[in-house]
2 protein chains.
Amino acid sequence: MKRIEDRIAYTFKDKELLKVALTHSSHSGTTTNNERLEFLGDAVLELIISEYLFKYNKLSEGKMTKIRSNIVCAESLSQAASDLNLGEYMLLGKGEIVTGGRKRKSNLANAFEAVMGAVFLDSDYDTTKKVVLGTLEKNIELALSGGLIKDYKTELQEQIQKHSDNAIEYVLEKSEGPEHNKTFFIDLTFNGVVVSKGTGKSKKEAEQNAAKNYLFKDKKSE
Amino acid sequence: MKRIEDRIAYTFKDKELLKVALTHSSHSGTTTNNERLEFLGDAVLELIISEYLFKYNKLSEGKMTKIRSNIVCAESLSQAASDLNLGEYMLLGKGEIVTGGRKRKSNLANAFEAVMGAVFLDSDYDTTKKVVLGTLEKNIELALSGGLIKDYKTELQEQIQKHSDNAIEYVLEKSEGPEHNKTFFIDLTFNGVVVSKGTGKSKKEAEQNAAKNYLFKDKKSE
């Protein structure tokens, strides 16, 4: 626990709060899990990031909403949780551990939110702000530069809707490797023409990467 | 403006902030409207109400989410804005005024959020908390007592959609009393089976109560 405190640069007055923040609902023998702290922590993150974006620049309301949702989302927060090694310290039920619970993005993101909720309860808004901005520094930077788009397919769809004559299709080009460890190769096509490619350990992941590759290519030429 | 400050029990250091908070995007001649402050204010309200509910009682995360959404919503906030007479002070475009913009719920709720965002910028979290909890006291009480669920029938419909094989019907069982003071008795049925009952001074009220009784019954047995 001391290691987490070091990494987030905050020492808890009430250590029990940190323990609860790391307790998943599957953990047996505990009546208190981190769901309530997660609820609080989510609102804490939303306000801290909102305030940061508000003061950062004269960004429009729509732009701030979009960037905030790219910072306060499972993808981004699970990444931040991994950087803090939260997975290692989470209290999980046996079934949850066996099925990969320590690396599950939702568990990690929820634990991250709960830890920030715990810091807020243990201290005050301004102290929590320092902890949150310190911990999410990288994610904020990425989101501001447009690099933290969580769902590339949706993002692409939204961009394309402006030019409705383009029909998007994700075509499986091939898959390689043994059944339990396949790699999928997806072609992203516009009106049948391949515009980018993506690979991944699932079709979904490969499609996301194909969309991502297209979006990045697109952005560079803008 | 002084009147608003009196009513919310907060005096702005920067009066310009309050003016911006009351400026609708339709207002001509102003480049700055309240949309950015509304974005910030919404997050301010979410955290303050979340913190309040978290500390209020050991409410479950689901319960807190529900109650919060009944407090921080257009219906509730426009009511609070009306209590503060914000409509009278909003800066609106001519077209917006002519079409009833001073009484439009979305305008009122947005202005309320923006004013709270402005208080937050002008002061700090703890000061804003006092202002928000003072101003929304009635709304919070109502939501906690279950009185701020605006539409039980809609609520029930949404819950039922998950189990699409249930056909809901509101059946008038009987009505009693003289013409000018009737009481209506409604049976709520799922696939023809009565699951709850409601009474009221109108069919509509009786139906709402039947839905409410079902929703409450359901929650207790969870």
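Residues numbered from 1 in each chain as written. Chains lettered and ligands numbered in written order. Predicted model: local features only at pLDDT ≥ 70, side-chain atom pairs only at ≥ 80, totals over all residues. Heavy atoms only, no water.

Per an unreviewed UniProt entry, chain A is named Ribonuclease 3, and its organism is Eubacterium limosum. The annotation that UniProt attaches to chain A under Subcellular location (unreviewed entry) is "Cytoplasm". (UniProt positions renumbered as here; feature names shortened; annotations may be inferred.)

Now for the domain arrangement of chain A. Assigned domains of chain A: these are domain 1 (2-144) and domain 2 (152-220). On a C-alpha basis, the centroid separation for the pair domain 1 of chain A and domain 2 of chain A is 31 Å. (Domains from an automatic or database assignment.)

Another aspect to go through is the UniProt feature "binding site: Mg(2+)" (unreviewed entry) in chain A. All names here are of chain A. Here, the residues flagged by UniProt with the feature "binding site: Mg(2+)" (unreviewed entry) are Glu38, Asn110 and Glu113. Taken along the chain, the residues just named run across 76 residues; in space they keep tight, none of their C-alpha pairs more than 5.8 Å apart. Position of asparagine 110 relative to the elements: it lies in helix H8 (residues 105-122). Relative accessible area serves as the criterion here: at 25%, asparagine 110 is assigned to the partly exposed category. Those residues in contact with asparagine 110, other than ones at most four positions away along the chain, are Asn34 and Glu38. When you line up the elements, glutamate 113 lands in helix H8. For glutamate 113, a relative accessible area of 8% translates into the label buried. Ignoring sequence-local partners within four residues, the contact set of glutamate 113 consists of Leu37, Glu38, Gly41, Asp42, Leu45, Val72 and Leu77. (Helix = DSSP H or I, 4+ residues; strand = E, 2+ residues; numbered from the N terminus. Buried < 20%, exposed > 50% of the residue type's maximum accessible area, 1.4 Å probe, protein only. Contact = heavy atoms within 4.5 Å.)

Residues and elements named next belong to chain A. Strands sit in the order S1-S2-S3 across an open sheet of 3 strands; the sheet is antiparallel. Edge positions in the sheet fall to strand S1 (168-176) and strand S3 (193-200), since each has one partner strand and no second. The mean angle between the axes of side-by-side strands here comes to 25°, regardless of whether they run parallel or antiparallel. When S1 meets strand S2 (residues 183-190), the two strands line up antiparallel, connected through 8 bridges. Residue glutamate 169 lies in a different strand from S2, and its bridge partner there is threonine 189. Against the sheet, helix H11 (residues 152-160) contacts S1 and S2, and its axis sits at roughly 145° relative to S1. (Pairing = 2+ DSSP bridges. Axes fitted to C-alpha atoms, helices over the stretch in contact; angles between N-to-C directions.)

All names here are of chain B. One can describe the packing of helix H8 (residues 105-122) onto helix H9 (residues 125-135) by two numbers: an axis separation of 8 Å at closest approach and a directional angle of 150°. Considering their axes alone, H8 and H9 lie roughly antiparallel with respect to each other. Facing H8, whose interface residues are Phe112, Met116, Val119 and Phe120, H9 presents Tyr125, Thr128, Val131, Val132 and Thr135. (Parallel < 35°, antiparallel > 145°, perpendicular 65-115°, else oblique.)

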